[in-house]
Amino acid sequence: MRKTFALIAVLALVAGACAEDDASLEITDAWSRAATGPNGAVYLTIEGGDADAALESVSVSTDIAAMAQIHQTVMMDDGTMSMTMLPEVEIPAGSTVMMVPGGVHVMLMELAEPLEVGDEVDVTLTFDNGTERTVTAEVRDE
């Protein structure tokens, strides 16, 4: 019984260490374009921390949109642009990853209301190491 308890305690400590927040990850320059259609997008910059990480998911309140996903704009063979969902975005230690128009971005799908200049959108980013960050993106007319 004592060995089982000790093993459970050790496993709990290991799990806690694996889910530790990486305070060295930084998210800056979050913004969104005004949008009147069914979808919108958020752009931002992620500064890699002390260790490699991966952005695994994004979310917003249903007051903003039905769902949020990580997308990438790609040029198709026929010359048209298309968006594909990404399972994750790698953030190498010490690197800068920019989510920009025409590239990787946070897609807001089925907007609850139009995004108007001056509005703010809170987006939660979840990384593979358990780190979670909520950033506020200002809606701009760009």
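Description of the structure in this document. (Residues numbered from 1 in each chain as written. Predicted model: local features only at pLDDT ≥ 70, side-chain atom pairs only at ≥ 80, totals over all residues. Heavy atoms only, no water.)

Quick look at the side chain of threonine 131
Position of threonine 131 relative to the elements: it lies in the loop between β9 (120-127) and β10 (132-140). Owing to a relative accessible area of 0%, threonine 131 belongs among the buried residues under this scheme. Among the polar contacts listed, one links the side chain of threonine 131 to the side chain of asparagine 129, at a separation of 2.9 Å. (Helix = DSSP H or I, 4+ residues; strand = E, 2+ residues; numbered from the N terminus. Buried < 20%, exposed > 50% of the residue type's maximum accessible area, 1.4 Å probe, protein only. Polar contact = N/O pair within 3.5 Å; in protein donor to acceptor, adjacent residues only side chain to side chain.)

With respect to the pairing of strand β1 (residues 26-33)
Relative to strand β2 (residues 39-47), β1 is paired through five bridges, and the arrangement is antiparallel. Within the sheet, the bridge partner assigned to threonine 28 lies in β2 and is threonine 45. Turn length for the β1-β2 hairpin, with the two strands adjacent in sequence and antiparallel, is five residues. Note: β1 against β10, three bridges, orientation parallel. (Pairing = 2+ DSSP bridges.)

Regarding the nonpolar core
Looking at soluble globular proteins, one finds that nonpolar side chains tend to be buried together. Counting 32 residues, the largest nonpolar core has Ile46, Leu108 and Val121 as the members making the most contacts within it. In contact with leucine 108, other than residues within four places in its own chain, are Pro38, Asn39, Gly40, Ala41, Val42, Val60, Ile64, Ala65, Met67, Ala68, Leu115 and Val121. (Core = buried A, V, L, I, M, F, W, Y, C linked by side-chain atoms within 4.5 Å. Contact = heavy atoms within 4.5 Å.)

Thoughts on the pairing of β2
Within β2, seven of the nine residues are buried, which leaves it mostly tucked inside the rest of the structure. Summarising the sheet, β2 and strand β8 (residues 104-111) pair through four bridges and their orientation is antiparallel. Bridge pairing links glycine 40 to leucine 108 in β8. Bridge analysis of β2 against strand β7 (residues 96-99) gives four bridges, and the strand direction is antiparallel. Paired with threonine 45 across the strands is methionine 98, a residue of β7.

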